[in-house]
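What the coordinates show
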Amino acid sequence: GIQVEQSPPDLILQEGANSTLRCNFSDSVNNLQWFHQNPWGQLINLFYIPSGTKQNGRLSATTVATERYSLLYISSSQTTDSGVYFCAVDTIKAAGNKLTFGGGTRVLVKP
Amino acid sequence: DGGITQSPKYLFRKEGQNVTLSCEQNLNHDAMYWYRQDPGQGLRLIYYSQIVNDFQKGDIAEGYSVSREKKESFPLTVTSAQKNPTAFYLCASRPTGWNYGYTFGSGTRLTVV
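Residues numbered from 1 in each chain as written. Chains lettered and ligands numbered in written order. Predicted model: local features only at pLDDT ≥ 70, side-chain atom pairs only at ≥ 80, totals over all residues. Heavy atoms only, no water.

The next subject is the overall build of chain A. Counting its secondary structure elements, chain A contains zero helices and 11 strands. Mapped from its N terminus to its C terminus, chain A presents α and β elements in the order β-β-β-β-β-β-β-β-β-β-β. A compact globule built from 111 residues would reach a C-alpha radius of gyration of about 13 Å, and chain A, at 14 Å, matches this within 12%. C-alpha extents for chain A along the principal axes are approximately 45 × 25 × 20 Å. Considering chain A as a whole, with its 111 residues, one finds that 52% of them fall into the buried category. Pairs at least 24 apart in sequence give 57% of the contacts found in chain A among residues at least 6 apart. In the structure as shown, chain A presents an accessible area of about 5,100 Å², 50% of it carried by carbon and sulfur atoms. (Helix = DSSP H or I, 4+ residues; strand = E, 2+ residues; numbered from the N terminus. Rg over C-alpha atoms; globule rule 2.2 N^0.38 Å. Buried < 20%, exposed > 50% of the residue type's maximum accessible area, 1.4 Å probe, protein only. Contact = heavy atoms within 4.5 Å. Areas by Shrake-Rupley, 256 points an atom, 1.4 Å probe, with all protein chains shown as cover.)

Let us now look at unusual backbone geometry. Of the consecutive residues S7 of chain A and P8 of chain A, the connecting peptide bond is found in the cis state with omega at -10°. The residue after S7 of chain B, namely P8 of chain B, is reached through a cis peptide bond having omega -10°. Despite not being glycine, R68 of chain A shows a phi value in the positive range, around 60°. Note on placement: R68 of chain A falls in the loop between β7 (59–64) and β8 (69–74). Despite not being glycine, N28 of chain B shows a phi value in the positive range, around 60°.

All names here are of chain B. Tracing the backbone through its elements, the reader meets P95 in the loop between β9 (87–94) and β10 (103–104). Through-space distance from the C-alpha of P95 to that of A31 is 6.2 Å; in sequence the pair is 64 residues apart. Those residues in contact with P95 that sit more than four places away from it in its chain are H29, D30, Y100 and G101.

Let us now look at the interface of chain A and chain B. In many analyses, interface size is given as the accessible surface area lost on bringing the parts together. Tallying the contact residues gives 23 residues for chain A and 22 residues for chain B. For the pair chain A and chain B, the two sides together bury roughly 1,800 Å², of which 50% comes from carbon and sulfur. At the junction of chain A and chain B, the tally comes to zero salt bridges. Taken together, chain A and chain B are joined by six residue pairs in polar contact (both at pLDDT 80 or more). (Buried area = accessible area lost by both parts, 1.4 Å probe. Salt bridge = Lys/Arg side-chain N within 4 Å of Asp/Glu carboxyl O. Polar contact = N/O pair within 3.5 Å; in protein donor to acceptor, adjacent residues only side chain to side chain.)

As used in these notes, a disulfide is a covalent bond between sulfur atoms, one from each of two cysteines. Counted under the stated rule, the structure contains two disulfides over all chains. A disulfide bridge connects C23 of chain A with C87 of chain A, and the sulfur atoms are separated by 2.0 Å. Residues C23 of chain A and C87 of chain A are joined through a disulfide that is left-handed, its torsion about the S-S bond being -60°. On the criterion of sequence distance, the pair formed by C23 of chain A in strand β3 (residues 19–25) and C87 of chain A in strand β9 (residues 83–90) is long-range, its members being 64 residues apart. As far as burial versus exposure is concerned, C23 of chain A and C87 of chain A are alike and both buried. The partner cysteine of C23 of chain B in its disulfide is C91 of chain B, sulfur to sulfur 1.9 Å. Around the S-S axis, the bridge from C23 of chain B to C91 of chain B shows a dihedral of about -75° and counts as left-handed. A residue pair is termed long-range when its members are at least 10 positions apart, and C23 of chain B in strand β3 (residues 19–25) and C91 of chain B in strand β9 qualify at 68 residues. (Disulfide = S-S within 2.5 Å.)

Below you can see the structure in the form of structure tokens.
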């Protein structure tokens, strides 16, 4: 099946810093989503971005489908940005739609 | 508001018992999914259903069972055959078609005591 790798695995930031999270995937995809998992475990959808660039406040994401990677940018980080960020993909070649997750990037923003 | 409701939030089970986790959605989504998350790990697919009365095994289906009798509901039973059931369980749904994202519930944390 498709492989999804996220880097870095852990990230410690000072409040106000900018950062970039990366997601590499091993095959063509028809769906790519970035999620933020809060300390209570809930997965919050950040972006649905199988290709192109989107922005939402301090967060933005870019997916280059032809090169099989996606980037999530966090600008002016805040302590509330702490948590785990997951990239997940759904491949055209899968027998039925199903989302495959990367291992996540654990972000800690210090005040 | 439309969304996915999982219940209960916390569940304790004795070894050897079956337990059922509830997942209900009012988004009118056709497809529903169950994922398992172990501490410090990503999510792994247990079962999914694209339509009522039909479902398929995911990557780690052993020891689990599901039913899909109604479009809105996709309960997951963790059976006594599941060797390590302690985990966080997340339910998701999405409309049919290729260009729609997934929506997740808030999860059920199951602990075997």
